[in-house]
Amino acid sequence: MNAALKIVQSQPVAVLIISMLVVLAVLGLRSAGHLESMELSAYDWFARLLPEDSAPDPRIVLIGVTENDIRRQQRWPLTDTTLAQALNALLRHRPRVIGIDIYRDFQVPPGGPELDALLTGHSNIIAVMKFGGGAQTSIAPPPVLQHTDQIGFNDLLLDRDGIVRRGLLFLDDGQRTHYSFPMRLAMLYLRASGITPQSDPLDPVHLQLGPTTFRPLEANDGAYVDLDARGYQVMLDFKGAAAPFQSFSLTALLSGQINPESIKDKIVLMGVMAESVPDLFHTPYSSGLGAERRAMYGVLVHAHIVGQLLRAALDGRATPTPIRKDRDAMWIMLWGLMGSVLGLGVRSPWRFALSALGGLTLLAFLVHLAFLEEWWLSFVPPALAWLASSSLITAYVSNQEKRDRALLM
């Protein structure tokens, strides 16, 4: 009994025990979900630090139905005739793919037969539906496209804080697999380059596009705890120029003001960009500087997802991926042990404060480097392990030194 007590009282053993208890406490807090919101906020911060592309994506063009367009049309929703006119104007410029991010589950006269003829006569036109489920209402695709490959769901995933960080590529309702709107557009565009969705050779359940494999999110990946991981979900990459895609208004399209070369062989997404029609979403950029980044129209979010898929398939750009849970636990343990070394070696309060701040700076730098390589390393849990371990061990060692001095007096 005395021998065991002496071992516990040994400074190195006590320090190791304290640091391990700190790590276990941090892992417990994380597993209980108490750190999720802070870690997701840190994720947003690191995402905003990523460098932006120097130019808009040349493969994607947006046609926005703006507030001014709605005033000119003097109504919403757009009639089938107006939508058919817009599609005819686009088709004359020979885009590779057209995506309509406007619901058409019922006709809006006049012009229904003309619009239906365009939708069924051009297989490169993709329309949207809403998968819905739970508290959200489902919205059907255009009736003439029901059960065809020309529809994709445009549901967007919101985290608990209302921010879009994840995207869906597929959903399975138990009877068939449904493709997302961005996935349909990317697949059609990539078909001309001979690229089709494949199974990863090393893990057949994972999707591969070109040289890039997309590992689906699991329930406890990254900062998430008990995430609803149904479907094939991936983290979204919002990197892009300040104006990431070339954009034109509906009026400019209908009045022939668009250079045909701006449309030819591109993916064109048509959607609402008017504040009177609520289709705005918060993203990791929502807390960034600049009012133009406070929220993002749904069609723009879908364009970002399409761009991410094209970069992965054609440019070999990886998609943001959280590291495995066991490796993340080791990462947190490393910072807990490093904090114990700081607590053992530094007695001066000023040196301790500077060293603790330096450690946090180093941690932020390493996490940023990982983000540059599309790896999501945790920041908040290792920061807590670093600070708590170093502080507690400093207090323990100081108390031991005071006790030793008192015994000598």
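Just above sits the structure.
Rules used throughout
- Residues numbered from 1 in each chain as written.
- Predicted model: local features only at pLDDT ≥ 70, side-chain atom pairs only at ≥ 80, totals over all residues.
- Heavy atoms only, no water.
- Patch = residues over 30% accessible without salt bridge, like charges linked within 9 Å, V, L, I, M, F, W, Y side chains within 5 Å.
- Areas by Shrake-Rupley, 256 points an atom, 1.4 Å probe, with all protein chains shown as cover.
- Salt bridge = Lys/Arg side-chain N within 4 Å of Asp/Glu carboxyl O.
- Helix = DSSP H or I, 4+ residues; strand = E, 2+ residues; numbered from the N terminus.
- Expected span 1.5 Å × (residues − 1).
- Buried < 20%, exposed > 50% of the residue type's maximum accessible area, 1.4 Å probe, protein only.
- Pairing = 2+ DSSP bridges.
- Axes fitted to C-alpha atoms, helices over the stretch in contact; angles between N-to-C directions.
- Contact = heavy atoms within 4.5 Å.
- Left-handed = near helix turned anticlockwise from the far one by under 90°.
- Nonpolar A, V, L, I, M, F, W, Y, C, P; charged D, E, K, R; others polar.

Caption draft 1: Expanded view of a nonpolar patch on the surface. Together, Leu362, Phe365, Leu369 and Leu372 give the surface a local cluster of nonpolar side chains, amounting to about 340 Å² of exposed area. Within the secondary structure layout, leucine 369 lies in helix H11 (residues 349-372).

Caption draft 2: Seen up close, H11. Here H11 spans 35 Å end to end across 24 residues, near enough to the 34 Å set by a 1.5 Å rise per residue. Along H11, the residues that are buried comprise Phe352, Ala356, Gly359, Leu363, Ala364, Val367, His368, Ala370 and Phe371. In the stretch just after H11, glutamate 374 is the one whose phi turns positive, near 70°.

Caption draft 3: Here's a closer look at the sheet that holds strand E2 (residues 97-101). With parallel pairing, the six strands of this open sheet are ordered in space as E4-E3-E2-E12-E1-E11. Each edge of the sheet is formed by a strand with only one pairing partner; in this case those strands are strand E4 (151-153) and strand E11 (246-249). In this sheet, adjacent strand axes meet at a mean angle of 25° when their direction is disregarded. Against the sheet, helix H5 (residues 80-92) makes contact with strand E1 (60-66), E2, strand E3 (125-129) and strand E12 (267-273), and its axis sits at roughly 160° relative to E2, the strand it touches most.

Caption draft 4: Expanded view of the pairing of strand E5 (residues 166-172). When you tally the buried positions in E5, you get six out of seven residues, the bulk of the element. Pairing analysis gives four bridges linking E5 to strand E10 (residues 232-235), with the strands arranged antiparallel. Bridge pairing links glycine 167 to valine 234 in E10. Pairing of E5 with strand E6 (residues 177-179) involves three bridges; the strand directions are antiparallel. When the bridges of E6 are listed, aspartate 172 appears paired with threonine 177.

Caption draft 5: Examining unusual backbone geometry more closely. Residue proline 77 is bonded to the preceding tryptophan 76 through a cis peptide linkage, with omega at 5°. Along the polypeptide, proline 77 turns up in the loop between helix H4 (67-73) and H5. Even without being glycine, histidine 147 reaches a positive phi, approximately 65°. Here histidine 147 lies in the loop between E3 and E4. Among the residues examined, histidine 147 registers a relative accessible area of 64% and is labelled exposed. Even without being a glycine, aspartate 226 presents a positive backbone phi close to 55°. Relative to the assigned elements, aspartate 226 resides in the loop between strand E9 (212-214) and E10.

Caption draft 6: Main features of the packing of H5 against helix H6 (residues 112-121). Where H5 contacts H6, the two axes come as close as 8 Å, and the packing angle between them is 35°. Of the two elements, H5 crosses H6, and the hand of that crossing is left-handed. Contact residues: H5 offers Asp80, Leu83, Ala84, Leu87, Asn88 and Leu91, while H6 offers Gly112, Glu114, Leu115, Leu118 and Leu119. Residues that form the contact of H5 with H6 fall into these classes: seven nonpolar, two polar and two charged.

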